[in-house]
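Structural description and commentary
One letter stands for each residue in the lines below.
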Amino acid sequence: MKNRTIRVLCPKLLINRNESLLQWLIGSPFLPPLTIVSTIRCIHGDSSSPDYHKESEDIRTLLLKGFDVIGALVMGDSDFENKARKALDAARRLRKLLSGTEKSENEEMIGAVANSCSGGIHFFISKTEKTTNLEPVSLVVHDDNPEKYVWENGCLLRCQLPIKLPFCFPVNKPSDADNVFLRAIEVVIANFKDPKVAYIVESSSKTFADVAQPVLVCGAELSFGIDLPNVDLLAQDSEQKLLRCAHFCSKSISSPASFSAENADVLQVSILFNRSEKFLKFNSPVAEYFPAMEEARLLIVDFKLEVICYAAKDLPLIYAVSKLIIPGLVDQLNSMKEVMLPHLLTQHPKLHPYHFNPSRMMLHPVTVIYELNYGETEMKQVDIRKSLHLRLGLPFDRPLLRITNALDFSTTDSSKRNSIQTGSSLVKDVHTTIPSSSVSGGITSLVQGSYEYYHYLQDGLDDSGWGCAYRSLQTIISWFRLQHYTSIDVPSHREIQLTLVDIGDKDHSFIGSREWIGAIELSFVLDKLLGISSKVINVMSGAELPEKCRELALHFENQGTPIMIGGGVLAYTLLGVDYNEASGDCAFLILDPHYTGTDDLKKIVNGGWCGWKKAVDSKGKSFFLHDNFYNLLLPQRPNMV
Amino acid sequence: MVKAVVGEETRLQLAEDRLSRSSLPAEVGLLIGKLSLTLDRGFVFDLVSTPRNDAGQPACSLMETAKDDKKKGSKSKSQPADSSSLLIDKDWVAEHARQVSRMLVGGMNVVGIYVWASEISFKNSTMVLCQTIKAVAEAASMLEADPDEKLLIHICYSPRRWTCRNCTLSSNMTSSSLRPCDFKMGRVLTSLQTFKCLYNFDLRLPIYHESASTSQTLSDNLRHGISIYAIELRSAKAMIDGKLVVSDETCTTDGLHEVELLLPFTQDTYIGACSQKDIIGVLVFTGSVCSFAHLNSKEPISQAIADIKGDIIRSLRSRLDILCDEADGHLSPSDDGNREASDETLRKKPVPQLVLHSLRVHSSIETGKYAIFHFRDEFLFLG
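Along every chain, residues carry numbers that run from 1 in the direction the sequence is written. Starting at A for chains and at 1 for ligands, labels are handed out in the order in which the entities are written. For a predicted model such as this one, the threshold for reporting local features is a pLDDT of at least 70, and the threshold for listing and counting side-chain atom pairs is 80 or more; totals across whole chains, interfaces and linings nevertheless cover every residue. Hydrogens are left out, water is left out, and the side-chain values use all remaining heavy atoms of the structure.

**Comments concerning the overall build of chain A**
Put simply, DSSP H or I for four residues or longer makes a helix, DSSP E for two residues or longer makes a strand, and each gets a number counted from the N terminus. Tallying secondary structure elements over chain A gives 13 helices and 23 strands in all. If you line up chain A on its principal axes, its C-alpha atoms span 95 × 70 × 55 Å. For every residue, the accessible area (1.4 Å probe, protein chains only) is compared with the maximum for its type, and the residue is labelled buried under 20%, exposed over 50%, or partly exposed between those bounds. With 641 residues in all, chain A has 54% of them scored as buried. As displayed, chain A has an accessible area near 27900 Å², and 51% of this comes from carbon and sulfur atoms. For the accessible areas, the method is Shrake-Rupley and the probe is 1.4 Å, while residue cover comes only from the protein chains on display.

**Describing the domain arrangement of chain B**
All names here are of chain B. Assigned domains within chain B: domain 1 (4–190) and domain 2 (193–382). In this description, contact between two residues means that some pair of their heavy atoms is separated by no more than 4.5 Å. Every contact between the two is made by 16 residues of domain 1 and, on the other side, 19 residues of domain 2. Note on definitions: salt bridges are taken to be side-chain nitrogens of Lys or Arg within 4 Å of carboxyl oxygens of Asp or Glu. Counting across the interface, domain 1 meets domain 2 through two salt bridges. Between Lys34 and Asp307 there is a salt bridge, and its shortest N-O distance comes to 3.5 Å. Counted as a polar contact is a pair of N or O atoms within 3.5 Å, where, for protein atoms, one must be capable of donating a hydrogen and the other of accepting one, and residues adjacent in sequence contribute only when both atoms are in side chains. Linking domain 1 with domain 2 are five residue pairs in polar contact (both at pLDDT 80 or more), by the criterion used here. Taken together, the elements giving at least two residues each to the side of domain 1 that touches domain 2 come down to β2 (27–36) and α2 (90–103). Residues belonging to the side of domain 1 that touches domain 2 are distributed by class as follows: seven nonpolar, six polar and three charged. Boundary definitions for the domains trace back to an automatic or database domain assignment. When residue character is reported, Ala, Val, Leu, Ile, Met, Phe, Trp, Tyr, Cys and Pro are called nonpolar, Asp, Glu, Lys and Arg charged, and the others, Gly included, polar.

**A word on the nonpolar core**
Generally speaking, a soluble globular protein has its nonpolar side chains buried in company with each other. Residue and element names in this part refer to chain A. The set of buried Ala, Val, Leu, Ile, Met, Phe, Trp, Tyr and Cys residues whose side-chain atoms join them within 4.5 Å is what this entry labels a nonpolar core. One finds Trp24, Phe192, Tyr199 and Phe303 to be the most contacted residues of the largest nonpolar core, which totals 110 residues. Tallying contributions element by element places helix α6 (residues 317–340) first for this core, with 13 residues. Split by domain, this core shows at least three residues from each of two domains, domain 1 (5–143) and domain 2 (154–278 + 292–414). One finds Ile434, Val439, Cys549 and Tyr579 within the second-largest nonpolar core, a separate group that totals 66 residues.

**A few points about the state of the cysteines**
Residue and element names in this part refer to chain A. In what follows, a disulfide is any cysteine sulfur pair within 2.5 Å. Summed over all chains, the structure comprises zero disulfides over all chains. In this structure Cys549 is a free cysteine whose sulfur lies 3.7 Å from that of Cys586, the closest cysteine sulfur available. Owing to a relative accessible area of 0%, Cys549 belongs among the buried residues under this scheme.

**A few points about the pattern of salt bridges**
All names here are of chain A. According to the stated counting rule, one finds 38 salt bridges over all chains in the structure shown. With a closest N to O distance of 3.6 Å, Asp194 and Lys196 form a salt bridge. Classification of Asp194 by relative accessible area gives buried; the value is 14%. By relative accessible area, Lys196 is classed as partly exposed at 22%. The salt bridge partner of Asp502 is Lys528, with a shortest N-O separation of 3.7 Å. With a gap of 26 residues between them, Asp502 in helix α10 (residues 493–502) and Lys528 in helix α11 (residues 519–530) connect regions that are remote in the sequence. Each of Arg4, Glu108, Lys127 and Glu135 takes part in a single network of salt bridges with overlapping partners.

**Description of the side chain of Lys150(B)**
Mapped onto the elements of the fold, Lys150(B) is located in strand β7 (residues 149–157). A distance of 3.3 Å separates the side chain of Lys150(B) from the backbone oxygen of Val110(B), its partner in a polar contact.

**Thoughts on the sheet that holds strand β6 (residues 109–117) of chain B**
All names here are of chain B. Overall, mixed pairing links the seven strands, which are arranged β1-β3-β2-β6-β7-β8-β9 in a closed barrel. Averaged over all pairs of adjacent strands, the angle between strand axes in this sheet comes to 35 degrees, irrespective of strand direction. A pair of strands counts as paired when DSSP detects no fewer than two bridges linking them. Pairing analysis gives nine bridges linking β7 to strand β8 (residues 160–168), with the strands arranged antiparallel. Pairing of His154 across the sheet is with Thr163, part of β8. Axis lines are fitted to C-alpha atoms, over the contacting stretch for helices. Their N-to-C directions set the angle, which ranges from 0 to 180 degrees. Sitting on the sheet, α2 touches β2, β3 (41–49) and β6, and the angle it makes with β2 is about 40 degrees. Lying on the sheet, helix α4 (residues 126–140) is in contact with β2, β6, β7, β8 and β9 (178–186); it crosses β6 at an angle near 155 degrees.

**Comments concerning the packing of α10(A) against α11(A)**
Residues and elements named next belong to chain A. Interaxial distance between α10 and α11 falls to 10 Å at its minimum, and their mutual angle equals 85 degrees. Classified by the interaxial angle, the pair formed by α10 and α11 is roughly perpendicular. From α10, Ile496, Thr499, Leu500 and Asp502 reach across to α11, where they touch Glu521, Phe524, Val525, Lys528 and Leu529. Residues of the contact of α10 with α11, tallied by class, amount to five nonpolar, one polar and three charged. The labels follow the angle: roughly parallel below 35 degrees, roughly antiparallel above 145, roughly perpendicular from 65 to 115, and oblique for the rest.

**Re the packing of aromatic side chains**
Two aromatic rings from Phe, Tyr or Trp, using only the six-membered ring of Trp, form a pair when their centres are within 6.5 Å; if the ring planes differ by under 30 degrees the pair is stacked, by over 60 it is edge-to-face, and anything between is tilted. Applying the stated rule across the entire model yields 21 aromatic pairs over all chains. Taken together, a centroid distance of 5.2 Å and an interplanar angle of 55 degrees make the contact between Trp116(B) and Tyr157(B) tilted. Note that Trp116(B) is positioned in strand β6 and Tyr157(B) in strand β7, a separation of 41 residues in sequence. In terms of burial, Trp116(B) and Tyr157(B) fall into one category: buried. In this structure an aromatic cluster arises from ring pairing among Tyr572(A), Phe588(A), Phe623(A), Phe624(A) and Tyr630(A). We call a charge positioned over a ring when the NZ of a Lys or the CZ of an Arg lies within 6 Å of the ring centre and within 35 degrees of the ring normal. The ring of Phe510(A) carries Lys506(A) above its face, with NZ or CZ at 5.4 Å from the centroid.

**Brief notes about the environment of Val188(A)**
Tracing the backbone shows Val188(A) in helix α4 (residues 176–191). Taking C-alpha positions, Val188(A) is 26 Å from Val266(A), a pair spaced 78 residues apart along the chain. If sequence neighbours within four positions are ignored, Val188(A) has contacts with Ile163(A), Leu165(A), Leu333(A) and Phe265(B).

**Quick word on α4(A)**
Residues and elements named next belong to chain A. The terminal C-alpha atoms of α4 lie 23 Å apart, and with 16 residues this matches the ideal 22 Å at 1.5 Å per residue to within 8%. Taken together, the buried positions of α4 are occupied by Asp176, Ala177, Val180, Phe181, Ala184, Ile185, Val187, Val188, Ile189 and Asn191. Contacts from the buried residues of α4 go to β10 (154–170), β11 (197–203), β14 (286–312) and α6. Working rule for helices: expected span equals 1.5 Å times residues minus one.

**What to know about the sheet that holds strand β7 (residues 121–126) of chain A**
Residues and elements named next belong to chain A. Strand order in the open sheet made by the six strands is β4-β2-β5-β6-β7-β8, with mixed pairing throughout. Across the chains shown, the open sheet's two edge strands, defined by having one partner strand only, are β4 (38–41) and β8 (135–137). For this sheet, the mean angle separating the axes of adjacent strands, direction not counted, is 30 degrees. Note: β7 against β8, three bridges, orientation antiparallel. Paired with Ile125 across the two strands is Glu135, which belongs to β8. Contacting β2 (22–27), β5 (68–75), β6 (109–114) and β7, helix α2 (residues 80–99) runs over the sheet at an angle of about 150 degrees to β5.

**Things to note about helix α7 (residues 379–392) of chain A**
Residue and element names in this part refer to chain A. Compared with an ideal rise of 1.5 Å per residue, which puts 14 residues at 20 Å, α7 spans 20 Å between its outermost C-alpha atoms and is within 8% of the ideal. The set of residues buried in α7 consists of Gln381, Val382, Arg385, Leu388, His389, Arg391 and Leu392. Lining the buried residues of α7 we find β4, α1 (52–62) and β16 (366–371). Phi for Gly393, located one or two positions after α7, is positive at around 70 degrees.

Printed below as a string of structure tokens:
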């Protein structure tokens, strides 16, 4: 019996060490067997009795097609084989529910038992559903570059399908509406397999030099019977040349560091109906009127379906459509149908799918369907997000699943979609290399996390003399981006001005002008574009600023966000304070947006454009002007989901 | 503005021979061809003479003012040429144009009129010619994207020559609307490429309760529905000979090309459906049409596809007209007892009798309980 190896790609397999923990192990038919890509927690029920129905309902739309459940992990200190068997049974049962088939599967699955004290994990595999013998596996491999493993040979398929479903029901018997609606949905689902349907596949990125032309896959070519793992064999056997996903993927060699879901090639699939398919019978046009037998009302239900799927680059397109896209659309439609049903005759819930790549711990995106009727901060939505954070093992103080953080596929330039990862020309974290402040015996409180340095003359915009507060705002927003609180692009000066006009704070003439903005305006923009609230501190004179040191130190300890200081004619970004409470000696870590040179770290540091400024320097000169009032903007880190 | 016009020499030569053998002093008729805005050229494929009207009068005759010449048909060159002018029954020519344009395939249209007359009578009749052209343009226009110009070809019998003028259509037409245009004979028909499209349509229009109060006939509803459908069709994608059309190129291969039209999934069947409204019935217009278009080898494929789409809409409208014309002739009462209850509602709306006439016997469906409308073989509003 040759030794099997389990490959674990996710960085942290054990989410936490809770007694009743049950985690589902996720793999993919496109990756070698026994490869654990990620893990998600079971949140309905517990390890002894999971609520399979609810779990499958959630996971059906959460997990992208192209990934599936390949095992389960439970906690246990002893009797590992039995516990593993229970875990395997649970996993097989869930897998069956998700695939919707009753037939027994012959997939190898993994049962894992984690020791709560040592954290060590015992792995077992079971070859088929019928075998009772479990095989223990001791060889467990972790990968150095898991992203490369998943995305080097993988790509994403995306399909958007708006559906307008009209149906009518008798006014006197509104209860009939439900059944008519359900039948209507069944017909749409059946129509996906109609031979007259045409699926157009094209590359969504326009950045390649040699973009492949869109290809049409017609409904008649699709085959639905074959299982995904067997596709490879079939594709090799087949004599005809099948067009594969790779046809639309970038042929250039990517650097290992850039493999990720955000950088993956995305194939766009559109669904059309061929109205020119030859009928056996040529019907001459006929007009008929059908009067209603009883009073009837017409109802239209709007669905906005959007699925993304994971596929191997060498998967033939016909299977990509039949085994990934269509099941994905069907599951999403069914899921939305369940939500719509109770509200059919009243206000329809506004359902919209979003895709997230929430953190480095999950190597692949997930799909969530949000109900947008009452906005994101509504209690029900907050609870939904909390349970998602729980399931995905995400921290509870980062709004990783907010809509602003959703993956944006509308930008066809994939490098733009991902400017954080591929890096911009801006200098980051300038303060890390500066000399220390000359405050002796002080406690330093600094900004927590990365930011980018924005200053005058960047982006070819000559804003010297008026743009300092704008640049400071850009630095602040870059901080929120890098901490994953938002995925919007850092706004330009014009976009900042547009925002202020949009909310009614400024007149239309403000746009394109060189007018200064202050702390209040910054707080408006942060609120509008990022949903961030801020505190504002006012001091009547620069001389009072040292008194605020304790408050500022507390801010950096608790919030850790960069601060904008504006006073007189100048605005600065404050990145930290060094404060000796006893002596009262203090220094301010200032990042100066008035710099007009190049983005060269050495130049910036040597020129003192980022440095510690004492309130009163050795020569007695004050950094802050005494006859000016100062406003400080303290953005508050959202501590919620 | 079309700068140059090419006429199909075989057909036009035949026409000229016929005219010169005839003893007519004047004749008017239609020009069949296409005006290509992309190429800035016009093509005339054939001439169709306007027949005598219902009263037996020719569409065009010569009007003498000074001399009382009873010798009809004389081509004597000794006419006092100053004052002879043409008398044209422009309404009749327009009706001719309307009927002919219904029969033309995609891309082809009535692009103007021709007149066989002497030089002088032509010169004296520019006003009436412009008016005729305008009437013809209005009658033959089926699509919004028609170019706003028409051609006027003058075949002069002595000296024998063909001249072509370009007439810009406007509300106020004068002789200055006519501009000379380059004209030559050539071979245009042989170099045409043919595109054929079989199109299956399925339009379902809900008839709302409130529209029952306005006296809209069902044919009005259908016409309106077809106009909305035309917009949907315009954005349809196309396949030519099994290949998806992505870029706009010219067609290099000869022969017949099959065009297939692709419309968004489940979006195109229900026209003008609004949610939460009470309906009293559904109008269904289904069937297949076969549409053709012809393309000059230099024109881009997108022109062929646009022509096919235009032809389909034109077909739908013509079919509707034909169905309505037929219905006006049949006024048989309905003998379907089930309809009595809804007669009351129907009386509020004048409907063409056609509708009741063509209802078929339906078989009820398995889930009869939910069938509000008995439909041929499928559930209403589904599929």
